[in-house]
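# Architecture at a glance
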Amino acid sequence: MQLTNNQRKRKDIKLAALCLLLIGAFFLDIALGPVRIPLRSICRIILSLPGGDSTWQYIVMQIRIPKTFTAVIAGCGLSVSGLQMQTLFRNPLAEPAVLGVTAGASLGVAAVMLAGGSITTLYTIRELGLSGSWLITIAGCTGAAGVMLLVILISKAVKDNIMMLIIGVMVGTVTLSIISIWQYFSDPELIKDYLMWTFGSLGGVTGAQLYVLGLATFLGLVISFLSSKMLDALLLGENYARSMGVTTQRARLIIICSTSLLAGSITAFCGPIGFIGIAVPQMARSVFATSNHRVLIPACCLIGTTLMLLCDVIGQLPGSQAALPINIVTALVGAPTVIWMILRKNNLSIFG
Amino acid sequence: MTNNRFFYCALLLTIFSCKERTAQNTPPPAVNNSDSPRVTTTIRYARGFTIDYHDNYKLVHVLDRKGDLTDTLEYLLVQKGHPTPDGHAKAQVIPIPISSFVAMSSMHVGMADFMGIAERITGLGSLQYINSPIVRANIKAGKTIQVGLDGNLNNELLISLHPGLIMAMSNPEATTAKYKTLMDAGIPVILNAEWLESTPLGRAEWVKLMAALVNKEDLVNKKFDSVVRSYDSLVQLASQAKEHPHVIIGMPYKGSWFIPAGESYMAHFIRDAGGGYKWADTKGVGSLALNFEAVAPEALTADFWLNIGYVDRKQDITSKDPRFASFRSFSTGQLYNNNKKTNDIGSNDYWESGAVNPQVLLADMISILHPELLPGHTSVYYKQLQ
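Residues numbered from 1 in each chain as written. Chains lettered and ligands numbered in written order. Predicted model: local features only at pLDDT ≥ 70, side-chain atom pairs only at ≥ 80, totals over all residues. Heavy atoms only, no water.

## Side note on the overall build of chain A
Within chain A, the regular secondary structure consists of 15 helices and zero strands. Within the span of chain A, comprising 352 residues, buried residues form 52% of the whole. Only carbon and sulfur atoms are counted for the fraction: they give 69% of the accessible area of chain A, which is about 15900 Å². (Helix = DSSP H or I, 4+ residues; strand = E, 2+ residues; numbered from the N terminus. Buried < 20%, exposed > 50% of the residue type's maximum accessible area, 1.4 Å probe, protein only. Areas by Shrake-Rupley, 256 points an atom, 1.4 Å probe, with all protein chains shown as cover.)

Here you go:
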């Protein structure tokens, strides 16, 4: 796993280039939007210089910057959790959703939105002192945590990771069908609200929520960085990992926890955002031609963030007043990228 | 101003006398006495349907959204005891006057209440969203039952009810396939498209279809004409306003804001009430899916924020998103929601009686936007958020 000097140098150049790309995408996302604001004014607003249009200030500070930071957080979190899943299951098609965490978050949200007219009306929920956007978020987190607990309990009884993968997918399927039953018996208006949520959005996370989401993602990423050696070992097979002193059971638990934290909290706040979790790890492996997680994790963060920011820019359809939901754009942009990469290399491996 | 005061008082009286008559819990009149099979009515505002009168039958067409005749649904309203005329093979036959029917939307309940035939509703899509005292009493007495909404209609229950008609809520472009079982069982299904009407009077005029089904054209002509008269004089009144305060509608969700398009029902109301609307010149009768950012410049400076959504207090708005506190309307407190007449079971009468009383809705809106034009007016459907 040791890198030669030459390789290290090339890796550093690539990382630096990605950083530049990321910074470019970051500012592009702040600079572009349906309301045209001159670049000079944007700079003045960011540097909080006095003067300038108060509407523009509101747009940049209250709308664009929170959205851009949400894109950074979601891009990092989803791609790293995708990488972890692909390594754990040694399968290039694994993604954060395979453990059913995303479905769990959706179930929590559906429970709140669709039950709004039946057993627990929104009025009674308001009596509990929860209201507005926090309610949805807490419901999403609870749902994700519930499914995660279930998966962890099952994982204790299961030795093989592939069995774990199948069980995760099955739990997710059951969760989604519960949501479908709920939808079937719900009013069309309530279903519409829920559908809006499933489109995913980076624009709804503001203020205190942004800090909470940032903190949760940061925690998940730290766990992930600390376990990068363990991930390397797992990639070479469970027997090899055991011979290196890595307890597979415990490794699996740590990885599942960190993935659930990342994917669960991001889904709860932003809605389901697909594809970043599958596509970015492939890109990272392809660009850096390595399977070393100490390189792959930062690479995933950089590529994931850049891709998410670019998707947000595209989703805003520059020059138009409307916006495409982020979940649609990530798939539209992500799928062709992965196809192109596979065709170019003519192989798809989790070993870089 | 002062010499016009008498006129306003008279105007207000007509608005509310109309309203009160519908709200009264009078015993239902005998079916045939007040009926007027020989009287006709003409459609002036609604674009979605036509009625043609013939000897002993009426021919109703429900047009598609664009208002052309290529894809219409045809209904033959045949007076009971008379033969069905030939030459209308594709039409559904409805023997009239209907003595019972099933309603799928609260708007149909509002129309039935307006016509004084609410007691003829024997089934409802959902019992949850009802305001009409007559219908609620019938629900309690078990005379009106729930038959299920679009997705899960209880066909067996519906057929066993033997309703004279099912009034479903759909646009004619939608398939009638899901009602095929019912139509095969001999139950006529009308697909009402009143919610697609883009003008307040057009939407309310669908009550004439209800009237045609029960031979009450005489009554509907009188009542609807009085609605039109009050509405028109209110429009006249609002046109005296010198300023047009700007209005925003709805609330963004997850970064998208659905704004009523320039030819929509809501945009018409704002215009008629003498309000300014930034999207007044946009095309379309539905809503525009805009980015929050695209609406923000207008939202920050608009004077009024109406129909805000599922909120009851100012605090509910900031708990949805603290950024909304920067809106001008928020700091001046000019926030009004259309849920004043929400009853104990959470059903908002705005969607029920409001649909057939556009003159009351307009009076509410004028008194919000231009309180000096309607002094002393107490809002019926709108309330200010505190």
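## Side note on the pattern of salt bridges
Residue and element names in this part refer to chain B. Enumeration according to the criterion identifies twelve salt bridges over all chains in this entry. With a closest N to O distance of 2.8 Å, E217 and K58 form a salt bridge. Taken together, the residues E217 in helix α8 (residues 217-238) and K58 in strand β2 (residues 57-62) connect sequence positions 159 residues apart. When sorted by exposure, E217 lands in the same class as K58, which is buried. Between K341 and D349 there is a salt bridge whose closest N-O contact spans 3.0 Å. Judged by relative accessible area, K341 falls into the partly exposed class, the value being 28%. (Salt bridge = Lys/Arg side-chain N within 4 Å of Asp/Glu carboxyl O.)

## Here's the deal with the packing of aromatic side chains
Across all of its chains, the model carries 19 aromatic pairs over all chains by this definition. Each ring, one from W257 of chain B and one from W305 of chain B, has its centre 6.3 Å from the other, and the planes form 45°; the classification is tilted. One end of the pair, W257 of chain B, is in strand β11 (residues 256-260); the other, W305 of chain B, is in strand β13 (residues 304-306), with 48 residues separating them in the sequence. A relative accessible area of 0% means that W257 of chain B is categorised as buried. Judged by its relative accessible area of 0%, W305 of chain B falls in the buried class. Pairing Y265 of chain B with F269 of chain B gives two aromatic rings, centres 5.2 Å apart and planes at 75°, and the pair type is edge-to-face. Residue Y265 of chain B and its partner F269 of chain B are located together in helix α9 (residues 265-272), separated by four residues, close to a single helical turn. Across the pair, F269 of chain B and Y265 of chain B agree in class, each one buried. Put simply, the rings of Y58 of chain A together with W257, F292, W305, F324 and F327 of chain B touch in pairs and so form one group of aromatic residues. For K223 of chain B, the ring lying beneath its charged end belongs to F114 of chain B, and the centroid distance is 4.5 Å. (Phe/Tyr/Trp six-rings, centres within 6.5 Å; stacked < 30°, edge-to-face > 60°. Lys NZ or Arg CZ within 6 Å of the ring centre and 35° of its normal.)

## Description of the sheet that holds β13 of chain B
The pairing of strands in a sheet happens through backbone hydrogen bonds and is either parallel or antiparallel. All names here are of chain B. Taken in spatial order, the four strands line up as β10-β13-β14-β15 in an open sheet, and their pairing is mixed. Two strands in the sheet have a free side with no partner beyond their single neighbour: β10 (247-249) and β15 (383-384). Bridge analysis of β10 against β13 gives three bridges, and the strand direction is parallel. Counted as the bridge partner of I249 is L306 from β13. (Pairing = 2+ DSSP bridges.)

## Overview of the packing of helix α3 (residues 54-89) of chain A against helix α9 (residues 207-226) of chain A
Residues and elements named next belong to chain A. Direction vectors running N to C along α3 and α9 enclose 30°, while the axes themselves pass 10 Å from each other. Considered as vectors, α3 and α9 are oriented roughly parallel to each other. Here α3 runs over α9; the crossing is left-handed. Of α9, the residues touching α3 (which contributes P66, F69, T70, I73, C76, G77, V80 and Q84) are L210, L213, G214, T217, L221 and S224. (Axes fitted to C-alpha atoms, helices over the stretch in contact; angles between N-to-C directions. Parallel < 35°, antiparallel > 145°, perpendicular 65-115°, else oblique. Left-handed = near helix turned anticlockwise from the far one by under 90°. Contact = heavy atoms within 4.5 Å.)

## Side note on the domain arrangement of chain B
Residue and element names in this part refer to chain B. Looking at chain B, the domain boundaries give domain 1 (2-228) and domain 2 (239-384). Here domain 1 packs against domain 2, burying approximately 2500 Å² in sum over the two surfaces, 61% of which is carbon and sulfur. The tally of links from domain 1 across to domain 2 stands at zero salt bridges. In this structure, the connection of domain 1 to domain 2 is made through eight residue pairs in polar contact (both at pLDDT 80 or more). Every element with two or more residues in the side of domain 1 that touches domain 2 is listed here: α1 (5-23), α2 (106-114) and α6 (200-204). Considering each element in turn, the side of domain 1 that touches domain 2 owes the most residues, seven residues, to α1. Considering only residue class, the side of domain 1 that touches domain 2 consists of 17 nonpolar, seven polar and six charged. (Domains from an automatic or database assignment. Buried area = accessible area lost by both parts, 1.4 Å probe. Polar contact = N/O pair within 3.5 Å; in protein donor to acceptor, adjacent residues only side chain to side chain. Nonpolar A, V, L, I, M, F, W, Y, C, P; charged D, E, K, R; others polar.)

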